[in-house]
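Each chain, letter by letter, is given below.
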Amino acid sequence: MSAETGIGAAVKRREDLRFITGRGTYTDDLNVPGQTYGVFLRSPYARAKINAIDAAQALQVEGALAVFTGQDTAAAGLGDLPCGWLVKSKDGSDMVSAPHPPLAVSQVNYVGEPFGLVVAESLAAAREAAELVAADFEELTPVVATAEAAQASPIHEGLEANLAYDWELGDEAATDAALAAAAHVTRLDLTNNRLIPNAIEPRAALATFDPASGEYELRTTSQNPHLERLVLSAFVQIAPEHKLRVVAPDVGGGFGSKIFVYAEETVVTWAAAKVGRPIKWTAERSESFLADAHARDHVTHAELGLDEAGRFTALKVRTTANLGAYLSLFGSSVPTFLYGTLLAGQYKTPNIHVQTHGVYTNTAPVDAYRGAGRPEATFVVERIVEAAARETGRDPAELRRLNMIEPGDFPYETPVALVYDTGNYQASLDRALQLADYGGFKQRRAASEAEGKRRGIGFSCYIEACGLAPSQLAIQLGAGVGLYESGEIRINPTGSVTVFTGSHSHGQGHETTFAQVVSDKLGVPFDDVEVVHGDTGRVEFGLGTYGSRSLAVGGSALISAADKIIAKGTRIAAHMMQAEPDNVAFEAGAFISGNQRLTLQEVAFASYVPADYPPDLEPGLSEKAFYDPENFTYPAGAHIAEVEVDEATGVVQLVNFVAVDDFGQIINPMIVDGQVHGGLAQGAGQALLEHGIYDADGQLTTGSYMDYCMPRADDVPDFTVDTTVTPCTHNPLGVKGCGEAGAIGSPAAIINAVTDALGTEDVAMPATPEQMWRKLRGL
Amino acid sequence: MNLTLTVNGVEHSLDVPANTLLADLLRTQLRLTGTHVGCDTSQCGACTVHLDGRSVKACTVLAAQADGRAVTTIEGIGSPDDLHPMQAAFRDCHALQCGFCTPGMIMRAIELVESGAALDNRTVREALEGNICRCTGYHNIVKAVLTASDTMQEQAQ
């Protein structure tokens, strides 16, 4: 295929034309005739009993149409919002799930939890009416702090403790023995700060109900509309799937936060039938802060054993993970299967044991956010490795190299349930050291010192497991469903190609990348390939976009579908050329037999209007495929950060950041670089700026952009990014996924640089100027 | 209240509640949905438009304040067939991903270049402080603004 548009080409994105001209269509841009507006009633308390809700006055407001409460949704038989991943405690018992009704019925458990929906003719009327709903609460003592939650009195009635599970992985006895025998043990206490994802488009929903057909249509800000439909049909039971269409139009960023099925779109859809009118709800940013799923929030103690030569002998990790007030859709899996399994990192540590206590608190539910468990694992491994290098007087890069799994070791089975298929960690480290001019660091440090700034350098050699499925492994690990992805390729009669994918784009550029893949594979012009996604009415099934899975799983499904197109096209072409199918070859978009040649377009047209097909040859040229990988993919890389800490102000400036990543084969390098840049800024945000803070009463004190510090353009430097390539061994494209790497590797690298600059391991994320200023003064 | 304003070169006379924000007037009354609303504290900059050539956050301007004045939105600066140099540079440099912050970012960047200030990486980053992007890490946005700055200056000569 053309070098300008095929695999490996930096094709400019076709979706950009609508976005740069203001012609994108995001959920809140949509309006339908007869539309009403919804405003949610939200708990002002972290924990309280709901004694009574009086909506009489609210309903007097001109234009007010209805007020629904948890009693109404419960009476209507609406099911709970489910958690899709069953984690078992180490004693074999199932995790303890607190019931999660879409609207709180008798008790609210976090500030911002929805307990009612007001519907009115206008947004202004809905807001006014919401103000007039009188809710009588009886405050209860909240449990807020992660570390103390397990011992505190239970927040949910009927639960014995605030402990959802006590999970473990690895061999504890062997790990303890190896630690006891180690020449040196490095111990570290770490906090992984709570983050709030903050896609710039707030969540929104526009639900309609057609009483004539009984069909619901929900247009919403979702990363996986098919899963949304599945949950709303099978679990919440709003309507069967053939009566519920879910469309995710243009979606303004997600980073995980728009995977989950939330209360708001659930209740709005249900209520649209009750009111008999379309209902639109769009979150204000303050609602996003309160009620989008939050992220991270771990408290961890880790111990790393080393032998005399510096080889890692054991890693023991004890983590308490804050799950929030309820188990969100994937919340249980993040601090367990997506975390504990990654604690081997890039190293041959022979003994690893991890224990995770998942705890309930009166805070917003915590779930997957860019990296989901893997940034937390990388933070533990790469912080303690750096600390061990310092404690034992070794160069941090060389200590890593000494312990790395080597290219000849693959496939490599870790002590924590994964088999890495391929990699070359030394290559990415070497390249990163070169790009970072590691040799020149001492000089740069001296130059900074002359300006009153302490300079530090920090490393992070991360690994991630991406491309969810593999379904069998995922189900063994507790997933509620297999995680195949689907794809369909339809060669239209005139030869243009429509590609349907169950994957979803909300910034990743699928409409371009997937078209590159199909155009390359089928030898058709890039401009003739259209990619359709995000609509359950047009795409049969899908599991959406998360865990850097789109290309590795969704793209592979398209390759399988394309193979079927070629196989069927071969039979049709053979019939047309009166040749044996075995004698027909497919090359560069054409079927060739001897000196006969038919283009895919010619075969497609003929396939739809045949007159003489034998009974076993079906007309048409459209094929579907489901793809399930046999293993995760394992992107990995080396990140090196350099910071300057201003002695006078405590401000940390990230002055240099090098990321060398191995994503396997790359389809569009321009898009890949962009994904890395974005992840790095989010990681820098976690390390230096962002912190979701609840006070002791459970009030969110960082509930706006005035208080929650988002990375701005002047907080980050230009990034130096490069890639090394070891193709994934088990998918047809050789791809591994690139969406999360930046956010996974960077926090550890940056904090390692800050601790290097300060000469202490005791630095908490985010490394704010106040914290630095105090540390510089020994306060 | 009645007000008359010019939006993207077209004059509109409208009757709106006095507390209507310019962002809502553009999005709801005029259906110019390219101007986005991403926060409620005038921090994110997704709603940035030009009011008499100056960039303003339309969520912080009352519609009444635009009475008798000229508003330019993302829809008014170029089309897919005839892109403004800043729009073209954003695409060429991959300066957008989800596209939600992009209209505001482009409107702010155009004003920055048109102000005639001497621009380099640092000054562009500082000038974009009022516009938040969660996708790109800003790297390619800065590149796009500097690229468009060159093109716009060449065109002006």
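Caption draft 1: Molecular detail of the overall build of chain B. Looking only at helices and strands, one finds five helices and five strands in chain B. Listing the helices and strands of chain B from first to last along the sequence gives β-β-α-β-β-β-α-α-α-α. For chain B, the C-alpha radius of gyration of 15 Å lies close to 15 Å, the compact-globule estimate for 157 residues. Reported as C-alpha extents along the three principal axes, the dimensions of chain B are approximately 45 × 35 × 30 Å. Looking at chain B residue by residue over its 157 residues, the buried ones come to 57%. In chain B, the proportion of contacts linking residues at least 24 apart, taken out of those at least 6 apart, comes to 58%. Total accessible area on chain B stands at roughly 6,000 Å², and carbon and sulfur atoms take up 46% of it. Of the side-chain charges in chain B, 11 are positive and 17 negative, and the distance between the mean point of each set is 8 Å.

Caption draft 2: Inspection of the overall build of chain A at higher detail. If you tally the helices and strands in chain A, you get 18 helices and 28 strands. Taking 28 Å as the expected radius of gyration for a compact globule of 779 residues, we find that chain A reaches 27 Å, a close match to that expectation. Based on the C-alpha atoms only, the size of chain A along its principal axes is roughly 85 × 70 × 50 Å. Out of the 779 residues belonging to chain A, those deemed buried represent 64%. Across chain A, contacts joining residues at least 24 apart in sequence account for 80% of those joining residues at least 6 apart. Accessible surface, chain A: about 25,800 Å² in total, of which carbon and sulfur atoms supply 50%. Placing the 56 positive and 99 negative side-chain charges of chain A at their respective mean positions leaves the two points 2 Å apart.

Caption draft 3: Quick peek at the environment of Asp52 of chain B. All names here are of chain B. You can see Asp52 is positioned in the loop between β3 (48–51) and β4 (54–57). Given a relative accessible area of 43%, Asp52 falls into the partly exposed group. Measuring from C-alpha to C-alpha, the distance between Asp52 and Ala70 comes to 5.1 Å, with 18 residues separating the pair along the chain. Beyond its immediate stretch of four places on either side in the chain, Asp52 contacts Arg69 and Ala70. Separated by 3.0 Å, the side chains of Asp52 and Arg69 make a polar contact.

Caption draft 4: Highlighting the interface of chain B and chain A. Listed as interface residues are 45 residues of chain B and, on the opposing side, 53 residues of chain A. Both faces combined, the contact of chain B with chain A buries some 4,300 Å², and carbon together with sulfur accounts for 55% of it. Summed over the shared surface of chain B and chain A, the number is five salt bridges. Of the charged contacts in the structure, one is a salt bridge between Asp92 of chain B and Lys12 of chain A, with a shortest N-O distance of 2.9 Å. The tally of links between chain B and chain A comes to 30 residue pairs in polar contact (both at pLDDT 80 or more). Elements represented by at least two residues in the side of chain B that touches chain A include exactly α2 (85–92), α3 (102–114), α4 (121–127) and α5 (139–156) of chain B. A per-class count over the side of chain B that touches chain A returns 16 nonpolar, 18 polar and eleven charged.

Caption draft 5: Seen up close, the pattern of salt bridges. Scanning the entire structure with this criterion turns up 56 salt bridges over all chains. One salt bridge in this structure joins Arg203 of chain A and Glu265 of chain A, with 3.8 Å as the shortest N-O distance. Linking Arg203 of chain A in the loop between β8 (184–195) and β9 (204–210) with Glu265 of chain A in helix α6 (residues 263–275), this pair joins segments that are 62 residues apart in sequence. Of the charged contacts in the structure, one is a salt bridge between Glu690 of chain A and Arg134 of chain B, with a shortest N-O distance of 2.7 Å. Of the two residues, Glu690 of chain A sits in the loop between α16 (669–689) and β28 (720–724) while Arg134 of chain B sits in the loop between α4 and α5, which places them in two different chains. What emerges from the salt-bridge pattern is a single network uniting Arg42, Arg203, Glu264, Glu265, Glu287 and Asp292 of chain A.

Caption draft 6: Region of the structure containing the domain arrangement of chain A. Residue and element names in this part refer to chain A. Considered domain by domain, chain A is made up of domain 1 (16–22 + 484–627), domain 2 (31–140 + 200–253 + 258–291) and domain 3 (295–468 + 631–776). Here domain 1 and domain 2 have C-alpha centroids that lie 39 Å from each other. In this assembly, 17 residues from domain 1 lie in contact with 17 residues from domain 2. Summed over both partners, the interface of domain 1 with domain 2 buries about 1,400 Å², with 53% contributed by carbon and sulfur atoms. Three residues, His504, His506 and Thr536, lead the burial of domain 1 against domain 2; their summed loss comes to 40% of the area buried on that side. Put simply, domain 1 and domain 2 have two salt bridges between them.

Caption draft 7: Representation of the packing of aromatic side chains. Residues and elements named next belong to chain A. Inspection of the entire model under this criterion finds 23 aromatic pairs over all chains. With centroids separated by 6.2 Å and ring planes inclined at 40°, the aromatic side chains of Tyr412 and Tyr420 adopt a geometry described as tilted. When its relative accessible area of 14% is taken as the criterion, Tyr412 is described as buried. Centre to centre, the rings of Phe632 and Tyr634 are 6.5 Å apart; their planes meet at 70°, and the pair counts as edge-to-face. Its relative accessible area of 6% is what places Phe632 among the buried residues. An aromatic cluster is defined as three or more aromatic residues linked by ring pairs; in this entry it consists of Phe260, Tyr262, Phe330 and Tyr546. We note Arg14 situated over the ring of Phe526; from NZ or CZ to the ring centre the distance is 4.3 Å.

Caption draft 8: Seen up close, the nonpolar core. One finds Tyr420 and Ile750 of chain A together with Met86, Phe90 and Val145 of chain B to be the most contacted residues of the largest nonpolar core, which totals 210 residues. In terms of residues, this core owes the most to one element, helix α17 (residues 741–758) of chain A, which gives ten residues. Membership of the second largest hydrophobic core comes to 44 residues, among which are Ala557, Ile559, Ala574 and Leu617 of chain A.

Caption draft 9: Summary view of the domain arrangement of chain B. Residues and elements named next belong to chain B. Here the domain parsing of chain B yields domain 1 (2–76) and domain 2 (85–156). Relative to domain 2, the C-alpha centre of domain 1 lies at a distance of 21 Å. For the domain 1 face of the interface with domain 2, the top three residues by lost area are His36, His50 and Ile74, together amounting to 41%. The tally of links from domain 1 across to domain 2 stands at one salt bridge. Between Arg54 and Glu111 there is a salt bridge, with its nearest N and O atoms 3.2 Å apart.

Caption draft 10: View of the packing of α16 of chain A against α17 of chain A. Residue and element names in this part refer to chain A. At a minimum axis distance of 7 Å, the contact between α16 and α17 shows a crossing angle of 45°. For the element pair α16 / α17, the angle class is oblique. Crossing handedness for the pair α16 and α17: right-handed. For the pair α16 and α17, contact is made by Val676, Gly679, Leu680, Gly683, Ala684, Gln686, Ala687 and Leu688 and by Gly742, Ala743, Ser746, Pro747, Ile750, Ile751 and Val754, respectively. Of the residues belonging to the contact of α16 with α17, the class tally is ten nonpolar, five polar and no charged.

Caption draft 11: Region of the structure containing a nonpolar patch on the surface. Residue and element names in this part refer to chain A. Judged by side-chain polarity, Phe605, Tyr608 and Val609 come together as a nonpolar surface patch covering roughly 290 Å² of accessible area. Turning to its location among the elements, Tyr608 is positioned in helix α15 (residues 600–608). The class for Tyr608 is partly exposed, based on a relative accessible area of 31%.

Caption draft 12: Highlighting the sheet that holds strand β23 (residues 590–593) of chain A. Residues and elements named next belong to chain A. Spatial strand order, β22-β23-β24: three strands in an open sheet with antiparallel pairing. Among the strands making up the open sheet, the edge pair consists of β22 (585–587) and β24 (596–599). Shown here is a sheet whose adjacent strand axes are inclined to one another by a mean of 30°, direction ignored. Both β22 and β23 contribute to a ladder of three bridges, which runs antiparallel. Residue pairing across strands places Phe586 opposite Phe591, the latter belonging to β23. Packing against the sheet, helix α14 (residues 550–577) makes contact with β22, β23 and β24, and its axis sits at approximately 50° to β23.

Conventions used here
- Residues numbered from 1 in each chain as written.
- Chains lettered and ligands numbered in written order.
- Predicted model: local features only at pLDDT ≥ 70, side-chain atom pairs only at ≥ 80, totals over all residues.
- Heavy atoms only, no water.
- Helix = DSSP H or I, 4+ residues; strand = E, 2+ residues; numbered from the N terminus.
- Rg over C-alpha atoms; globule rule 2.2 N^0.38 Å.
- Buried < 20%, exposed > 50% of the residue type's maximum accessible area, 1.4 Å probe, protein only.
- Contact = heavy atoms within 4.5 Å.
- Areas by Shrake-Rupley, 256 points an atom, 1.4 Å probe, with all protein chains shown as cover.
- Lys, Arg positive; Asp, Glu negative; His and termini not counted.
- Charge placed at Lys NZ, Arg CZ, Asp CG, Glu CD.
- Polar contact = N/O pair within 3.5 Å; in protein donor to acceptor, adjacent residues only side chain to side chain.
- Buried area = accessible area lost by both parts, 1.4 Å probe.
- Salt bridge = Lys/Arg side-chain N within 4 Å of Asp/Glu carboxyl O.
- Nonpolar A, V, L, I, M, F, W, Y, C, P; charged D, E, K, R; others polar.
- Domains from an automatic or database assignment.
- Phe/Tyr/Trp six-rings, centres within 6.5 Å; stacked < 30°, edge-to-face > 60°.
- Lys NZ or Arg CZ within 6 Å of the ring centre and 35° of its normal.
- Core = buried A, V, L, I, M, F, W, Y, C linked by side-chain atoms within 4.5 Å.
- Axes fitted to C-alpha atoms, helices over the stretch in contact; angles between N-to-C directions.
- Parallel < 35°, antiparallel > 145°, perpendicular 65-115°, else oblique.
- Left-handed = near helix turned anticlockwise from the far one by under 90°.
- Patch = residues over 30% accessible without salt bridge, like charges linked within 9 Å, V, L, I, M, F, W, Y side chains within 5 Å.
- Pairing = 2+ DSSP bridges.

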